[in-house]
Amino acid sequence: MQNVLAVISLKKIISNAEQFLARTQKPLIAVVKDDAYGHGAEEVARALEEKVHTFAVATVDEGATLKAAGITKEILVLTPPLGEEEALRAAEYGLVVTASSIASLNLLRRTAKKYGATVRAHLAVNTGMNRYGFRPDRIKTACRIAKAYGIAIEGVYSHLYAPENKGARMTQTNIFAQACKTAREFFPDAIRHLSATGGALAGGELFDAVRVGIGLYGYLPQGFEGAAELKPAMKLYATVAQSGTFLGGGVGYAPAQKKYGRLYTLRLGYGDGFFRAGGLGIGKLCMDACIREGRGDFGRRKLVLKDVSAYARALGTTEYEILVAATRKAVKIYV
C-alpha cells in the first residue's frame, strides 16, 4: 500500500468515552470535528451513538455529512453559519447551529424569514477566550431577538481557555453562570455546557453536559498529564518502498552524518502531513519518502507513529495538530 495506513481502535474510543461518562456523570457531547481529529468522523460517530447525547462538529458541511451517513443524534455546529446558504443547509439537515454575535443571529433571522425555515441554535458566550461568543452584556438582547423571530435557543455554551488554571477557570465559570441565568429567563430548557476535556478533568461546576474531544481519542490536554488513564486509539504504518546499502554522501536532502550500513525507505513524507523536523527517519524528511537506518523488507509495513504525544513534544506542538495533519491522506481501517 502506497498510502499511510491508520489502524484505529473503536473499542478504545468507546472505552475513553465511558471513562468520561463515569467521571463526570454528565451527558456527553462528543466532538468529532475535523474528521474526528483524523480518526474518521462517520465511523467514530456510529461507534459512539448509543453513548452520547450530541455530536459537535466545526462546520455545516461536517454536520450534513454525518446526517447523510445516518447519524440520528443531535449535531451541534460550533462555527456560526457565515452565509445564507450555510444557514439554510443547516436548517434543512436539522442541525443545531451556533449564534455567536448579533450579526450571526441576524443572519439566522433573515434566513428563517425568507425561507420559512426552522432554525435551532445554541448561544455561544465569550467568557474570556475571545474566539467566538456574545459579550455577556449582550445575552439579553440576543435572547430578545431570538424570541421575537422564532429562533429556538436550545443551549448556551462557552469554552475554557486555561482549564488547568483554577483562577481563570472559576472566573469564566462565574461569568458563564450569570449569562446562562439570563438566557434561561427566555429559554428555560436551554442546555448549558462549558467544559471540554480539560474542564471535565478539572471538575468543579460542569453544568448540564460536557464536550469531550481530544480525550475520546486517548490524549490529555496540557496541564492534565496523568489525570486519567486513556487509551490512544490510533497507530500509523507506512510501507517499505526501497531497501539497500548506503552509497555516496547524502540521506535525502541532507549530508550524511556518518557512513551508514543498510538503509530503507518508507513511503511517507511531509506531503502526507508529517513534519520535516519530526525525527521519523534520518536526514530530512522528503515530500513522499522517509529514509531509515537498518533493514527493511520491500513491501512490508512498519509502525511509524504510536506515541503521538512524544512526536508532538519533539516538534513543539500538540497532539491535536499531529492527529489532523498526519491522517489527512491515510487509509483508515478499524479494529
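The rules we used
Residues numbered from 1 in each chain as written. Predicted model: local features only at pLDDT ≥ 70, side-chain atom pairs only at ≥ 80, totals over all residues. Heavy atoms only, no water. Pairing = 2+ DSSP bridges. Helix = DSSP H or I, 4+ residues; strand = E, 2+ residues; numbered from the N terminus. Axes fitted to C-alpha atoms, helices over the stretch in contact; angles between N-to-C directions. Parallel < 35°, antiparallel > 145°, perpendicular 65-115°, else oblique. Left-handed = near helix turned anticlockwise from the far one by under 90°. Contact = heavy atoms within 4.5 Å. Nonpolar A, V, L, I, M, F, W, Y, C, P; charged D, E, K, R; others polar.

**Comments concerning the sheet that holds strand S3 (residues 54-57)**
(1) Moving on: The parallel open sheet is built from four strands, whose spatial order is S4-S3-S2-S9. Unpaired on one side and paired on the other, strand S4 (74-77) and strand S9 (210-212) mark the two borders of the sheet. Pairwise comparison of adjacent strand axes, ignoring direction, gives a mean angle of 30° for this sheet.
(2) Moving on: Relative to S4, S3 runs parallel, the two being bridged by four bridges.

**Quick look at the sheet that holds strand S5 (residues 97-99)**
(1) Moving on: Taken together, the four strands give an open sheet; going across it, the order is S5-S6-S7-S8, and neighbouring strands pair in parallel fashion. At either end of the open sheet lies a strand with only one pairing partner, and these are S5 and strand S8 (191-193). Taken over all neighbouring pairs, the strand axes of this sheet differ in orientation by 35° on average, direction set aside.
(2) Moving on: Where S5 lies against strand S6 (residues 120-124), three bridges are found, and the strand directions are parallel. For Ala99, the partnering residue across the bridge sits in S6 and is Leu123.

**Here we look at the packing of helix H1 (residues 10-24) against helix H3 (residues 41-48)**
Helix-helix packing: each pair is described by the crossing angle between the helix axes and the interaxial distance.
(1) Moving on: One can describe the packing of H1 onto H3 by two numbers: an axis separation of 10 Å at closest approach and a directional angle of 55°. Our classification of the angle between H1 and H3 gives oblique. As for how H1 packs across H3, the hand of that crossing is right-handed. Of the residues in H3, those touching H1 at Leu10, Ile13, Ile14 and Ala17 are Glu43, Val44, Ala47 and Leu48.
(2) Moving on: Class assignment for the residues of the contact of H1 with H3 results in seven nonpolar, no polar and one charged.

All we've got here are geometric facts, nothing functional implied.
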